[in-house]
Structure formats: structure tokens, C-alpha cells
Amino acid sequence: MPKDTGIGASPKRREDVRFLTGKGRYTDDINVAGQAHVVFLRSDVAHGTINGIDTAAAEAMEGVVGVFTAMDFDGVGGIPCGWQITDREGNPMQEPKHPILAEGKVRHVGDPIAAVVAESVSIARDACEAIEVDITSLPAVMDMKKAVQADAPKVHDDLTSNLCYDWGFVEDNRQAVDDAIKSAAHVTTLELVNNRLIANPMEPRVAVGDYARHDDSSTLYTTSQNPHVIRLLMGAFVLGIPEHKLRVVAPDVGGGFGTKIFHYAEEAFCTFAAKQLERPVKWTASRSEAFMSDAHGRDHVTKIELALDADNNFTAVRTETYANMGAYLSTFAPSVPTWLHGTLMAGNYKTPLVYVNVKAVFTNTVPVDAYRGAGRPEATFQLERVVDKAARELGIDPVELRRQNFIREFPYQTPVAVEYDTGDYDATMDKLLEMIDRDGFEARRKESESRGKLRGLGINCYIEACGIAPSKLVGQLGARAGLYESATVRVNATGGLVVMTGSHSHGQGHETSFPQVIADMIGINEDQIEIVHGDTANAPMGMGTYGSRSLAVGGSAMFRATEKIIAKAKKIAAHIMEASDEDIELKDGKFTVAGTDKELAWGDVTLAAYVPHNYPLEDLEPGLEETAFYDPNNFTYPAGAYACEVEVDPETGFVEVLSFAAADDFGNVVNPMIVEGQVHGGLAQGIGQALFENCAYDEDGQLLSASYMDYTMPRAKDLPMFQVDHSCATPCTHNPLGVKGCGEAGAIGSPPSIVNGVLDALASGGHDVGHIDMPLTPAKVWAAMQGTGGTGDGTAHARSVGGPAKNV
Amino acid sequence: MTKVTMTVNGKTRTAEAEGRTLLAEWLREGVRLTGTHIGCDTSQCGACVVHVNGEAVKACSVLAQEIDGAEVTTVEGMANADGSLGVIQQAFQDYHGLQCGFCTPGMVMSTAALLKDNPQPTEAEVRHYLEGNICRCTGYHNIVKAVMAASGQQVAPVAAE
Amino acid sequence: MYNFELVKPTTLQDAVAALKDDDAQALGGGQTLLPTMKARLAMSDKFVALSGVAEIRGICTDDDGRICIGGGTTHADVAKGATDYPALASTAARIGDPAVRNRGTIGGSLANNDPSACYPAAALASNATICTPDREIAADAYFQGMFETALEEGEIITEVKFPVPQKAAYEKFIQPASRFPLVAVFVAKFSDGVRVAVTGASSDGVFRWSEAEAALSDNFSAEAILGLSAPSSDGMISDLHGDATYRAHLVKVMTARAVKAAI
Ligand SMILES: Cc1cc2nc3c(=O)[nH]c(=O)nc-3n(C[C@H](O)[C@H](O)[C@H](O)COP(=O)(O)OP(=O)(O)OC[C@H]3O[C@@H](n4cnc5c(N)ncnc54)[C@H](O)[C@@H]3O)c2cc1C
Ligand code: FES
Ligand code: FES
């Protein structure tokens, strides 16, 4: 029997009512009386020296309130980076300044040069066109491998090169890995590109800055996944506003997927300009602007080698990755290809030796940072592709090869720093095989062939690290912030309660799922519990939502705060019922005294807390409100096995995804409906990466996929119904809810399935193609079948960024 | 500026519009109905779909002045008279057909248009019809289910038990 | 968008008069024009909305049996109403998405002549006649290269007359982002020969594939196409979604499929 309330139930989402009736309050729905509008003049060249900016004509236009250039930001800080990587030599990474408006140089198409604040968007836009910018174009730095050569033009003249850092992990293992690869019975090598993507939440970014003269305080409404982080970064590092004079509100947010984590120049601009002009300033990105100003994701070029012994045991993995940082370091950019990627290179396997080398490179492109999965999809893709390639080379079953190398004992200390607390990779694989009727595949393949189509089956595993993150550990790894989460539980006199969480929902449904946890703990109705988030004015300092951390970290903070509430409430109940604290039990919203028939309702105790007449005032403060900060002591490790069946049209190269199955281990599940929805969305993005999505630049740094006309967003018609399962649960051992997180798994685990599946289909048609770089567009698949595309020898094109699909 | 009057969700509403004012802007800024969203500038995402004289259109791609006098229905007009969720809205909630809610107004309005023409669509027809509505959150799985359910067809329950 | 004046004539005469202004431009369904104007890539002081001109909307059959479609008829209306020419109706039904089809018009599509648009292929393969208030233009003379047509400044498409072939089909291979054709082929078999029009492939816009026409006029079968080599990739479009070689290849594949599908 499915439950209908509490943990494990799937109540309908309460937030849906406002979204379905048009009553959501997204940032662009907020208009502050007297607001002016800002439009940014953005660079249309990728790299150039600014010789001069003439704003006179723009300033003279009617309706223009103010025109800003870098000169107006003297004394204002740059946009900070939140993570510092230490390179193989022990030196800190190179960290360029990231000004709010371009200083001296433009470094990517879309780099803001000037900003016009005006009475309306149209006037501001007209005035932008009246600004004359004298730019001398410089050669664009686009190809990462060329960018690190000695004679390459530099993105930042004050840095020694375009290399942000050269990171080795674990450096001490390097020699041993090299030796193991030399002495291996078999080595499978694969070079591949993890294609650059754009997160594309459907709500474009918006910022509204407001300034109150009477108390010298600033407010920023912004489309953010983590308002407190924005307050800290912008207040302390950019504008020098103390946190108590700065309020950041992230109301309803229309999707984030990582790209709304970061602190952006536009946020700082609106807050700054509102104070300068003493007028609210609003910025709403157009989609075109989003394409060239939202941080992009992925963009790795990797060589991976997998060594096996004569019995097909994995003995070593060595990888070398070029990771694109773009023109500036976005908030978490340096951590993505390192700590979120290198630490996962053991995958689900007991490979004893792993060495990961990452070269992070500056190019004249939009900054690259975390996008759903962040580092883990890149790790999973290369590992699961190379394992599949090894199976093909060795002529063994890809599932058996994986199984043979599975980790089976937990906790398991990987050779890449992290310790997996729990897992059962056989269970999810067994479940997957049950879901997909693998035995029936040959018959289905025959059926496809009878229609002239090639059918393929792709299977892979994944593991990821979620519940980000233990503050002490990430501090050692270079994070400049803690990654705990907070919650304040405020119980009202009449028994209802409000949770102010530092987590943020931008589609994840916290308002529904968080109350399920508390309802179970106290035994009251979910509708007595209200979740409040997204406003630094009322929630305690929190780190926000990303890295599948809301429930694992934010939920745990709420759990701890609620434990404190219950402990105090029990003391009050004990006093009233004249019993000792230890004898009080709380169940179904009632306090009872063990071994007696005394009972007291939840509401009587909460009332007593605020009307403390019969109350132990000597020992206990009145009121019932508690705050907890939860700092996890490990990551969580969701894992699973995914499979898909695809059909390739050999005449056109068109790939149709016929089915997709995901067997995940998320530990305990609070709301299965929401969890499934998260997986569906992740799968769509992973399939999107594998088949459709490509953020491509040309050699001059022009963005080719600059709108939905060229950047392929998956549509309903492009996807099948998904089969998802999360019944193989090994609860997390170190957080109180036993949860692992489910927000990113789909996007992490699915790309290799698709590519493995397409290559399997091609192989069945006699096309021995070693690899095709994502996205597997019809043109690329067809070219691979003609022997002109693809990379039969496993050598990736050296290009760092897509570029026109060439059949070379 | 010209005064433009339309019947929006059954009520007469008047607001100013320039020649270039789009219906989506007129609705959001002119008459402060912010349920209609703007997700792109190339007429592709469908977050802005509303009905004009009974037909689904992209409100970002219609000029307000051009349809002066029209009957317009937006997502704000889809609830039952008593304020409870309409059939389509209810199905979206029941089957978790939304996450962040940004595409949702357009999805609901496109669904309403589909079911008017085709009261019992197949899954393939639903997917085909929604070609102009992009959702980044749901992977469409539960949207398709919600649409089927709204049309009175049997669909699998919301979460695997 | 830059601002402009919008005029809304209700008769063809008034529309023609309004378009006499130097800087006036016709507004059809706006499904191409408005996104272009948002990008500030198009601009006029005055737009003349054709949606109120009832005379140029609707579908009928003329004495020669041609399907005549008013220039202001929406894609949705053609999809529903061109029942006597199913391949044409089906072409219209596959343009964009439902909301776009409720606004976009055949006149706007043909006037725009996007190198990847659907209607130009249908019109060229059907040997349609494009009518304006003062003249009739044969399709072969009308399409003059990417975004180029025989229309004069301010000239309105009032009607498009489609001879109905014995057999016809439109095969569209989509560009997955825009959902326009990457390559699409319209094949129309008339008693006196076969016409094959290709869109999406050439940087000169829609064109007739004469080798295929010759082969099909002899033998109307997919095999006749499979016997040909793909058209030359010279002048074919190369972009993110496919290079010239691939497009040339698709022309052949889509032509063969259209022949198979033709009814
Ligand atoms: C999301 C989306 C998907 C699309 N997919 C496709 C597709 O798959 N295939 C396809 O072919 N098209 C597609 N289109 C384009 C669509 O078909 C447009 O409707 C069409 O190209 C233009 O028609 P319109 O009536 O909207 O013209 P408008 O945008 O109003 O005008 C286009 C041009 O034609 C002129 N014009 C308009 N009407 C006339 C007239 N009667 N006489 C003379 N000149 C006129 C205008 O001045 C302008 O120069 C798509 C559009 C969108 C937004
Ligand atoms: S906002 Fe109208 S289609 Fe995107
Ligand atoms: S629910 Fe977020 S875009 Fe659809």
C-alpha cells in the first residue's frame, strides 16, 4: 500500500496551484515603483582591445537615466571566484580579474561593455545603439590545446599564459599508474569531447536592484538558486555592502540547473546602479542574451586509458583532460573539472590505481561552470565509454565486464580520495536487466532490421557524489565557502510551524516534500507546515540548492532543528504532565507518558510554550523555535544502472530513442513522485547532451548556436516514456534521513547509454566505429557510417568547442 | 500610444499599447496578468501561449494593437468558476506535469487547444502537438501523462509503488 | 523592436494604398517578421497588417481545377481546408507548431522565401501561380534565390493557385533545433511530367532537381531515384546541422521517400 502522507508518500505538490493558475511570483513579475530598466551593450567580437567608448550621444537621449562603463566601477571589486585550485606544483591557480563591465579588453562575445539605464527597455536599447565603441579585434583564443602553447595569444595579458591550472590527482599515484598501464595485458584508449552545453532554464535571468535611502540598505531580487551566497559574494567581495544592509530575494525561480548558482555581473550592476541613481533598476535577459551571458557547462576534451590484466580486471585508469574555463572564472568553475570530476574517476569499479590530470584553460568564450551534474557527467561519460569500448575490443559482454569489476564491499575507500559509504551495484544492474528484457533484444533487433533500421542497446553504470559537502574537506580542497545547510523551525502557538530553509526550490518541490519529513517526525498534518525559502531576510545563512544537496543537507538541517524542537517540547510536556523527560513519547501529534494513560496534544504544548503559565521557566526559555546548521561528514553516493534502446536510420543517420530505463539507488526516498520527476528531467537533459545539444563557436569566437533556432532543446517528440525505478535503496549511512539525492543522476548517467547504444546499432550494421563525439546528430552518425566521420581510431578532434559539423 | 481593449478571461480590460507592443507585454505589463511567460525571443518556446478568439497563439508573436477587441484566454482564466483547478490544471497537478512552473502556462493553454480539436489524443499525437512548447524540467513524461489524463484516458499512476 | 505605426486595413484596396508609402511593409502572420524585428534585424516606419483583409483569406477551386489559396490564409486553415490536395494540406500541417500555424500565412511564407521554408517547395513542385493585385507570376519565375522573389516593393500576394497533381508528397527531414526543414523535398507527378522541388539544401533557396524529374518522368518509382547519384554538393548549405555533402545526400533520400509516399 502506498502511503498517503509523510515520508514515502506522493502528495500532490502544493506549489503547483499557484503555478497552474498564473499566480507564481517570478522575478520578472516583480516591479518596484519607480523602476528604471537597464540594457547592456555587449561585445560582438570575441577578443579585442577597447580603445575608447563614446557615450555622449546615448547620454543625451531623452529618457536615459544613466550610462555606465568600467570607469564608473573604480574601487568596486571584480566578480569573485569561490574556489581556488592548487596545481601539481603546489601553486595556486591563475585567477584573472572579472570586472562588472569590460575593462580595457573584451574577452567573449557577450562580454558587457557598457550599460544604459533608462525609463524603458526600448529607450535603453536605442541608447545602447548610440554608444560608439572603438575596438581593435584580436585573434580569438578558441582551441584549448593551441591556447596552452607558448606562442598563443593571451586572453588575459596580465597572466603568464592561458593555463589556469595544471592539476594532478592523485599526484602520488602517477608513477604507479604509468607503470600499471605499461605492464597491462590490455589497454583501451579513447579520446573524446564532452560537448559544451547551455543550461537553458526556461526562465531567463532577471535582476531587480533597489535601494532604500532611509536606512541605506539594498535589496536585490534575482533568479538565483542560492540567495545567501549571492549576498555574501556580492556584498563582501564586489560592492562592499555589509550583509545586514543587503537583502537578496530569490522568489519563484523558473529552473536553474546550475547556471543560476553563480554570482553574475548583472546582479552586482543592478544593486550598484540602484544606489547610485537612487532608483530601482531592473534587468530582464532576453533568451539571446542568456545564450551569451549565462555560464555554460561541460566542454572537456579528454584522453582516457583503461588498463586491464589478463583476466579483465581493471588495473589502472589514466586520464588527461583539457577543461574550458571560458574567459573568466565563474563562481565554482575551477572545482568542476577537479574535485567534482577527478574524485569520481573510480566509478563503480575497484580499479586500484587512478590518475587524473586536468588542464584548465582560458579561452575567448562565455565562462563555463557547473551544469546539472557538474564534473560527474564528464567523469561518468569517459569511464563508461572506455569500459564499453574495452568490452568491444575484448569481445566480452559489457555487463559482465562491469560486474566483474564492481565494488562490493562498503565502506569503500577509492584511490581518488572519497569513501563510498554504501551501495549495491549488482542490485541496480539486476533490476535494470529485469526492466529491459535484455533476452528479448535480439528479436527486437531483427524486427528493426526488417524495417531497414539498425537497433542498438546501450548500457552503463554511474556513481556520483551528492549532498555537497563536508565544509572541512572542501575547505582543504580550495573552497572559499562552507557547504553546510541551515534551517529554522518556528512553531507557532497554535501548533502550525514554519520552516525557513537555506535550500532553494526552483522546481524541486521543497514546499511539498520538506513538510513530509516533519509531519512524520511530529505526527501532524503536512498542511500545518509551511516552507519558506529564498529570502535572506528571513532564512538563516544557507548555501542553497545544487549538487543534489537540498534534502541530504538542507533536509538534514531541518531534521536536526526539528529534533531540537521535539526535545524541548517533550520537556514542556513532561512538566505539564508531571513526568520525567525521558518517559515522554511523541507519536501522531500526541505526547504520552510511558506506562501511563496520560496524554497531551501537540497543540497544548505549543500553546504552553508561548503562554508559559504552567511552564518550567527556571529551566527552559519560553517559545518554540530552533535553528540547526548541518554540515555533512561525507558526500552521498547515488548510483545506478541505465539502459536505452535506439534505432538508427542508416539512410539518414537519424537516431530515435525507443526506450530508456533507469535503475537508481537514491537511498531513502521521501516523495517518489518528485524523485521520478527529477529523474525524468535529468534523463531528458542527458539525452539532449548525447543527441541534440551543442553550444558551438566558430574559429573567430562567434557563437553559432545563439538561439533556439540552432541550439536544439529536446522536445516532447524527441523523447520516449521513461522507465524509472528507485527500489534498490541502500540508505546513506551518515545523514539522519538516509537520503542520497536524485536531482542530477539522470543527466549524469544517461549520455553514455545513448552513445553506447548508437555504436552498438552501427556495429550491428557492420560499421565498426570506435566513437562519435556528442551530440550524435544525424549528420555525424551518417558520416561515421560512411567512414568519414566518427573516430574509428578513438582520436578526438582537437577542437575544444563544437564548430561546424565537418565530415572529416 | 493607443488604447487597446480586449476581453481577457471574460473581463473587459483596457491598456495602452504602442505599435510594437506585443500581446505578451500588453498582458504582463498593461493589465498585469503575469501568468503568461516569456521564455525566448525567437517564437519557439511556447511559454507565452494564450488563446485569441479561441485559437492558440504565441502571445510574444502577436501585436496587441492588431487584435484590439479580441477575446483572449490566459492561464489565469483556466480555473473553474469557484476558483478550483480546471480539468487540465488538475491533471497537471495530479500527474506532476510541472516542476518550476515556467513553461506551465503555455503547456496548459496548448493542451486546452489540443483537446478542443482532438478530445482523445494518442501519446504520439500529444507529443507531436506540443512541438512548440519547450519544457526543461520534466522531460515531458509527466506532461504527456497529464494531457492524456485530462482527456479522460487511463494512465499509469503517478509514482511506481 | 523599433517602434512603428500599425495600420489595419480591411480591404485589399486600402492595404495596397497603405503599402504605397515608401517605408511601409506588409505584416502577414508575423511569425517570421516579429522575431526578426525583435532582433532589430528588420524595421519599417509603418506596418500594414493583412489579417483584417478578408478578401485574401480562404480556399477555393477555380475552373481549371486549381486549388486557390488566399495570400492571407493561415497554415492551419490550409492544413484543414486543402482537402483536394492532401500533400499540400499535409505540408501546411507540418510547418512549425500549432500556434505558429494559427498565425503564419502562405503569403508571408512565400514572400519571405526562406531557403529552408516548406511552402516554396510545394509551390515550385506544383507549378503554382503566385498572384498579386496586378499580375500573376509562375513559380519558376517567382523564386529568385535565398530570400529573393519576383515581388516588387510593397506588392502583396493575394492568392496562390496550385494545380493538383495526380500524385504528390512532401518529405521533410527536420533541423532539430528550429524544426524547419534541414532538407525537404516535394514531388508532384502531373500527366505531363514530374516536378521535384528541394528546400533547405541550397544556398540559392528552393530549386528543382532536374535529373530526378527526368528520371521520374520516365519511371515514377523510388528505384529511379536510387539509380541516380546525389545532386552536386556545390552551393549546398553547410552549417552546424549538416554539411553540404550530407545535405546533398539527404536530397536523394528524401526524394526517394517522397516518391514512395506519393499518393
Ligand atoms: C517556431 C517557428 C517554426 C517555424 N517552422 C517553419 C517550418 O517548419 N517551415 C516553414 O516553412 N516555416 C516555418 N516557420 C515560419 C512560418 O511559416 C511563418 O509563418 C512564415 O515564414 C511567414 O509567414 P507570416 O504570415 O507569418 O509572415 P510575416 O512574418 O508577417 O512576414 C514575412 C515576410 O513576408 C511579407 N509578407 C507577409 N504577408 C505577405 C503577403 N500576403 N504578400 C506579400 N508579402 C507578405 C512580410 O512583409 C515579411 O517580409 C516557423 C516559424 C516559427 C516561429
Ligand atoms: S516567449 Fe513566445 S514562444 Fe517563447
Ligand atoms: S516545468 Fe520548468 S520548464 Fe517546464
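Model, not experiment: these values are computed from the prediction.

Analysis parameters
Residues numbered from 1 in each chain as written. Chains lettered and ligands numbered in written order. Predicted model: local features only at pLDDT ≥ 70, side-chain atom pairs only at ≥ 80, totals over all residues. Heavy atoms only, no water. Contact = heavy atoms within 4.5 Å. Buried area = accessible area lost by both parts, 1.4 Å probe. Salt bridge = Lys/Arg side-chain N within 4 Å of Asp/Glu carboxyl O. Polar contact = N/O pair within 3.5 Å; in protein donor to acceptor, adjacent residues only side chain to side chain. Helix = DSSP H or I, 4+ residues; strand = E, 2+ residues; numbered from the N terminus. Nonpolar A, V, L, I, M, F, W, Y, C, P; charged D, E, K, R; others polar. Buried < 20%, exposed > 50% of the residue type's maximum accessible area, 1.4 Å probe, protein only. Domains from an automatic or database assignment. Pairing = 2+ DSSP bridges. Axes fitted to C-alpha atoms, helices over the stretch in contact; angles between N-to-C directions. Near = heavy atom within 4 Å. Areas by Shrake-Rupley, 256 points an atom, 1.4 Å probe, with all protein chains shown as cover. Parallel < 35°, antiparallel > 145°, perpendicular 65-115°, else oblique. Left-handed = near helix turned anticlockwise from the far one by under 90°.

Asks: Would you take a moment to explain the interface of chain C and chain A for this structure?
Replies: Many analyses report the size of an interface as the accessible area lost when the parts associate. Counting residues at the interface gives 23 residues for chain C, matched by 27 residues for chain A. In total, chain C and chain A occlude about 2,000 Å² of area from one another, counting both sides; carbon and sulfur atoms represent 51% of this. The largest share of the area that chain C buries against chain A comes from Arg40(C), Arg179(C) and Leu240(C), three residues that together contribute 32% of it. One can count five salt bridges joining chain C with chain A. In this structure, the connection of chain C to chain A is made through 15 residue pairs in polar contact (both at pLDDT 80 or more). Per-element accounting of the side of chain C that touches chain A gives the leading share, six residues, to helix α11 (residues 244–261) of chain C. Along the lines of polarity and charge, the residues of the side of chain C that touches chain A split into twelve nonpolar, five polar and six charged.

Asks: Would you explain the environment of Ala60(A) in this entry?
Replies: All names here are of chain A. With respect to the element layout, Ala 60 can be found in helix α2 (residues 56–60). Among the residues examined, Ala 60 registers a relative accessible area of 65% and is labelled exposed. Once the C-alpha coordinates of Ala 60 and Arg 392 are considered, the two residues, 332 residues apart in sequence, prove to be 69 Å apart.

Asks: Just to check I follow, could you spell out the domain arrangement of chain C for this structure?
Replies: All names here are of chain C. What the domain assignment reports for chain C is domain 1 (5–162) and domain 2 (167–262). Once you take the C-alpha centre of each, domain 1 and domain 2 turn out to be 23 Å apart. Tallying the contact residues gives 24 residues for domain 1 and 21 residues for domain 2. For the domain 1 and domain 2 pair, buried surface summed over both sides reaches about 1,800 Å², with 61% attributable to carbon and sulfur atoms. Of all residues in domain 1, Arg 94, Ser 116 and Ala 125 give up the largest surface area on contact with domain 2, accounting jointly for 28% of the area buried on that side.

Asks: Please clarify how the sheet that holds strand β8 (residues 159–162) of chain C should be interpreted in this entry.
Replies: Across a sheet, strands are paired by hydrogen bonds formed along the backbone, either parallel or antiparallel in direction. Residues and elements named next belong to chain C. Read across the open sheet, the five strands follow the order β4-β5-β8-β6-β7; overall the sheet is antiparallel. A single partner strand is all that each edge strand has here, and the edge strands are β4 (59–61) and β7 (136–138). Each strand of the sheet is rotated relative to its neighbour by a mean of 20°, with strand direction disregarded. In the sheet, strand β6 (residues 129–131) pairs with β7 via three bridges, with the strands oriented antiparallel. The residue of β7 that forms the bridge with Cys 131 is Glu 136.

Asks: I would appreciate a short explanation of unusual backbone geometry in the present structure.
Replies: Note: most residues except glycine have negative phi, and most peptide bonds are trans. For the bond running from Phe410(A) to Pro411(A), omega is -5°, close enough to zero to count as cis. Summarising the element assignment, Pro411(A) is placed in the loop between α10 (398–405) and β18 (412–413). That bond from Met774(A) to Pro775(A) is cis: its omega, -10°, falls within 30 degrees of zero. Although it is not a glycine, Ala417(A) adopts a positive phi angle of roughly 80°. Mapped onto the elements of the fold, Ala417(A) is located in the loop between β18 and β19 (419–420). With relative accessibility at 48%, the residue Ala417(A) sits in the partly exposed group. Unlike most non-glycine residues, Arg40(C) shows phi in positive territory, near 60°.

Asks: Please clarify how the pattern of salt bridges should be interpreted in this entry.
Replies: Close approach of charged atoms allows side chains of opposite charge to pair. All names here are of chain A. This structure, assessed with the given rule, holds 75 salt bridges over all chains. Glu 744 is the partner of Arg 376 in a salt bridge, and the nearest nitrogen-oxygen pair spans 2.9 Å. In this pair, Arg 376 sits in helix α9 (residues 376–394) while Glu 744 sits in the loop between β30 (722–725) and α18 (745–764), placing the two residues 368 residues apart along the sequence. Residue Arg 376 is classed as buried on the basis of its relative accessible area of 1%. When salt bridges that share partners are traced, they join Asp 437, Arg 444, Glu 447, Arg 451, Arg 455, Glu 645 and Glu 647 into one network.

Asks: Where do I start with the environment of Thr315(A) in this structure?
Replies: Residues and elements named next belong to chain A. Along the polypeptide, Thr 315 turns up in strand β16 (residues 314–326). Separated by 237 residues in sequence, Thr 315 and Ala 552 have C-alpha atoms that sit 33 Å apart. The contacts of Thr 315, once residues within four sequence positions are left out, are Ala 180, Ala 307, Leu 308, Asp 309, Thr 351, Pro 352 and Leu 353.

Asks: Help me understand the site of ligand 1 in this model?
Replies: Among the 31 residues in the neighbourhood of ligand 1, the closest are listed as Ala26(C), Gly29(C), Leu33(C), Thr105(C) and Cys118(C). More than a single chain frames ligand 1: its nearby residues are located in chains B and C. With respect to ligand 1, the backbone of Thr32(C) contributes an N or O atom lying 2.9 Å from an oxygen atom. Here ligand 1 has 960 Å² of accessible area as a free molecule, and 94% of this is covered by the chains. Put simply, the parts of the chain that give the shell around ligand 1 at least two residues each are β2 (24–27) and α6 (106–112) of chain C.

Asks: Could you clarify how one ought to interpret the interface of chain B and chain A in this entry?
Replies: With 50 residues of chain B in contact, the opposing surface of chain A contributes 56 residues. Counting the surface lost from both chain B and chain A, the interface buries some 4,500 Å², and carbon and sulfur atoms represent 58% of this. Together, Gln93(B), Arg127(B) and Arg136(B) form the three largest contributors to the area buried by chain B at its contact with chain A, with a combined 18%. Summed over the shared surface of chain B and chain A, the result is five salt bridges. A salt bridge links Lys12(A) to Asp94(B); the nearest nitrogen and oxygen atoms lie 3.0 Å apart. Taken together, the connections running from chain B to chain A amount to 29 residue pairs in polar contact (both at pLDDT 80 or more).

Asks: Whenever I open this one, the packing of helix α2 (residues 87–94) of chain B against helix α5 (residues 141–150) of chain B confuses me. Can you help?
Replies: For any two helices packed against each other, one specifies the crossing angle of their axes together with the interaxial distance. Residue and element names in this part refer to chain B. Interhelical geometry of α2 versus α5 gives an angle of 140° and a closest axis separation of 8 Å. The angle between α2 and α5 places the two elements in the oblique class. For the pair α2 and α5, the crossing hand works out as right-handed. Residue-level contacts link Val 87, Ile 88, Ala 91 and Phe 92 of α2 to Ile 143, Ala 146, Val 147, Ala 149 and Ala 150 of α5. Taken together, the residues of the contact of α2 with α5 break down into nine nonpolar, no polar and no charged.

Asks: Which parts of the structure should I look at to understand the side chain of Lys105(A)?
Replies: Residue and element names in this part refer to chain A. With respect to the helices and strands, Lys 105 occurs in strand β4 (residues 105–106). Side chain to side chain, Lys 105 and Asp 157 meet in a polar contact 3.0 Å long. Setting aside chain neighbours within four positions, we find Lys 105 in contact with His 47, Gly 48, Thr 49, Ile 50, Asp 111, Leu 138, Lys 154, Val 155 and Asp 157.

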